[in-house]
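Below are the chains, spelled out letter by letter.
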Amino acid sequence: METMSTQPNCSKVPLQLLLFIDKRPSSGDKNRQIQEHLEQLRQIHDFDLQVIDVGEQPHLAEHFKLVATPTLVKIYPEPRQTLAGSNLIAQVETWWPRWQQSLEDSVGLDGDQPAPPLQSLNQYSEVLKLTDEIFRLRQEMEELQAQLQFKERLIAMLAHDLRNPLTAVSIALETLEMGLDPQQQERYVRMTPEMMSQLLRHARTQSKAIDRMITDILQAARTTSSQLQIQPQKLNLGELCLEILDRLSNQSESKMQHLKVDIPSDLPLVFADPDRVRQVIINLLDNAIKYTPTGGTIEVSALHRTTQKVQVSVCDTGPGIPAENRERIFEDRFRLERDEATEGYGIGLALCQRIVKAHYGQIWVDSELGRGSCFHFTLPVFRI
Ligand code: ADP
């Protein structure tokens, strides 16, 4: 910001002007003309002029609601007045005598003058920057609060779901106990070795489910705010999948691919960010269409995998993914050498993984080389 003021040599506060310019070469002539004109006016009446490059002080340009450059803003005496347009010099000519008059009028009978609105534009600019910063921090705080709420809700949901397998394990153990007690055996039907091993298997499966859920809870608790920000809500995944398939059908038709859908009508709602989940499904479908040859088949299916999770799968009959790269394809910028000639940046799957993880879900690929790939991801079920 350049300041072109000469401090007034009398106690009277001079006219205060801001001239907003931009530094594009095409604006050079217009800027010079108005500045030369103002210099001529200075010969008659002194004034305070600050020249502001809008590129350097965009928040000031926004605050004064500028729509063009150069723009001249009179900030003192009040009221503030903004002049802009191709006839800027003519407008200044018209207003100059009136501004001088209002300056005279602002001096009271006792010779006192009200304080100018801005002593220092730098101070003002600082205040605006701080206001922006406060706004940004407030937004960040709201986002973090929403994240925290999501996390708490998810942990409560997972903890609640632990009850089912726990009850199943304890019933299996109690039944086994009764079967081994000779007194009870007389009262009830004798327990066969097959029944016992079935109960043991059942208890083992359920305890593995408990272990998986505890891993999920720990993962949810560990998640940091550096993760992708999401705004989860009640979401109908089936409807979303159908809408996306409809949007991408042209792409697959042009390759004469068959699109299949298998989404049960009683699929539960999920608790997820609709825009982010849309990104995941579009990326997976885009890839399936891109990497599957003409005439291939692509299928989108969903299933209620556990009480707490819904799984979506996008399967294709493309070239498949070599076993050694099935984890690496989710890394940022990783592409199979084989596909280097196909357009892409290798970031789609990395983003999918970040989004799914932010929902405390999992994403992975099953594949058979030369036969196709199935990308699966899970999302939490919505609970009232
Ligand atoms: P991009 O497709 O832009 O390269 P992605 O991150 O979406 O980036 O995918 C990473 C790599 O994984 C791709 O370059 C490709 O080699 C492989 N890939 C992804 N989807 C499929 C698929 N459906 N079939 C075969 N290979 C795939």
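Heads up: the structure comes first, above all this text.
Rules behind the numbers
- Residues numbered from 1 in each chain as written.
- Predicted model: local features only at pLDDT ≥ 70, side-chain atom pairs only at ≥ 80, totals over all residues.
- Heavy atoms only, no water.
- Helix = DSSP H or I, 4+ residues; strand = E, 2+ residues; numbered from the N terminus.
- Expected span 1.5 Å × (residues − 1).
- Buried < 20%, exposed > 50% of the residue type's maximum accessible area, 1.4 Å probe, protein only.
- Polar contact = N/O pair within 3.5 Å; in protein donor to acceptor, adjacent residues only side chain to side chain.
- Disulfide = S-S within 2.5 Å.
- Axes fitted to C-alpha atoms, helices over the stretch in contact; angles between N-to-C directions.
- Left-handed = near helix turned anticlockwise from the far one by under 90°.
- Contact = heavy atoms within 4.5 Å.
- Nonpolar A, V, L, I, M, F, W, Y, C, P; charged D, E, K, R; others polar.
- Near = heavy atom within 4 Å.
- Areas by Shrake-Rupley, 256 points an atom, 1.4 Å probe, with all protein chains shown as cover.
- Phe/Tyr/Trp six-rings, centres within 6.5 Å; stacked < 30°, edge-to-face > 60°.
- Salt bridge = Lys/Arg side-chain N within 4 Å of Asp/Glu carboxyl O.

Spanning 18 residues, helix α9 (residues 274-291) covers 26 Å between terminal C-alpha atoms, matching the ideal 26 Å at 1.5 Å per step. Turning to α9, its buried residues are Pro274, Val277, Val280, Ile281, Ile282, Asn283, Leu284, Leu285, Asn287, Ala288 and Ile289. Capping the start of α9 is the job of one residue whose side-chain oxygen sits 3.1 Å from the backbone nitrogen of Asp275: Asp273.

Looking now at the state of the cysteines. The tally for this structure, following the rule as stated, stands at one disulfide. The partner cysteine of Cys315 in its disulfide is Cys374, sulfur to sulfur 1.9 Å. Classification of the bridge connecting Cys315 and Cys374 rests on its S-S torsion, roughly 110°, and on that basis the disulfide is right-handed. One end of the pair, Cys315, is in strand β10 (residues 309-316); the other, Cys374, is in strand β12 (residues 372-380), and 59 residues separate them in sequence. Exposure class is identical for Cys315 and Cys374. Each is buried.

All right, on to the packing of helix α8 (residues 237-254) against α9 then. If you want to describe how two helices pack, look at the angle between their axes and the distance between the axes. As a packed pair, α8 and α9 sit with axes 10 Å apart at the nearest point and diverge in direction by 40°. For the element pair α8 and α9, the recorded crossing hand is right-handed. Where α8 abuts α9, its residues Leu237, Leu240, Cys241, Glu243, Ile244, Leu245, Arg247, Leu248, Gln251 and Ser252 lie against Pro274, Val277, Arg278, Ile281, Ile282, Leu285, Asp286 and Ile289. Of the residues in the contact of α8 with α9, the class split is twelve nonpolar, two polar and four charged.

Attention now moves to the site of the ligand. The local shell around the ligand holds 20 residues, among which Asn287, Tyr291, Arg335, Asp339 and Leu349 are the closest. Within the side chain of Asp316, an N or O atom sits 2.9 Å from a nitrogen atom of the ligand. In this structure, Leu349 approaches the ligand through a main-chain N or O atom, which is 2.9 Å from an oxygen atom. Taken by itself the ligand offers 530 Å² of open surface, and the protein chains cover 97% of this.

Next up on the list: the packing of aromatic side chains. Geometrically, a pair of aromatic rings is defined through the distance of the ring centres and the angle of the planes. Using the criterion set out here, one finds five aromatic pairs in the structure. Between Phe20 and Phe64, the ring centres sit 5.5 Å apart and the planes meet at 50°, which makes this aromatic pair tilted. Of the two residues, Phe20 sits in strand β2 (residues 15-21) while Phe64 sits in the loop between α2 (58-63) and β4 (71-76), which places them 44 residues apart along the sequence. Taken individually, Phe20 and Phe64 each receive the classification buried, so the pair is uniform in this respect. A connected cluster of aromatic rings, assembled from ring pairs, spans Phe47, Trp96 and Trp99.

Moving on: the pattern of salt bridges. Counted under the stated rule, the structure contains nine salt bridges. Across the salt bridge formed by Arg136 and Glu133, the nearest N and O atoms sit 3.1 Å from each other. Remark: Glu133 and Arg136 occur in helix α4 (residues 121-161); sequence separation between them is three residues, near one turn of the helix. For Glu133, a relative accessible area of 35% corresponds to the partly exposed category. Arg328 serves as the salt-bridge partner of Glu331, at 3.2 Å between the closest nitrogen and oxygen. Judged by its relative accessible area of 35%, Glu331 falls in the partly exposed class.

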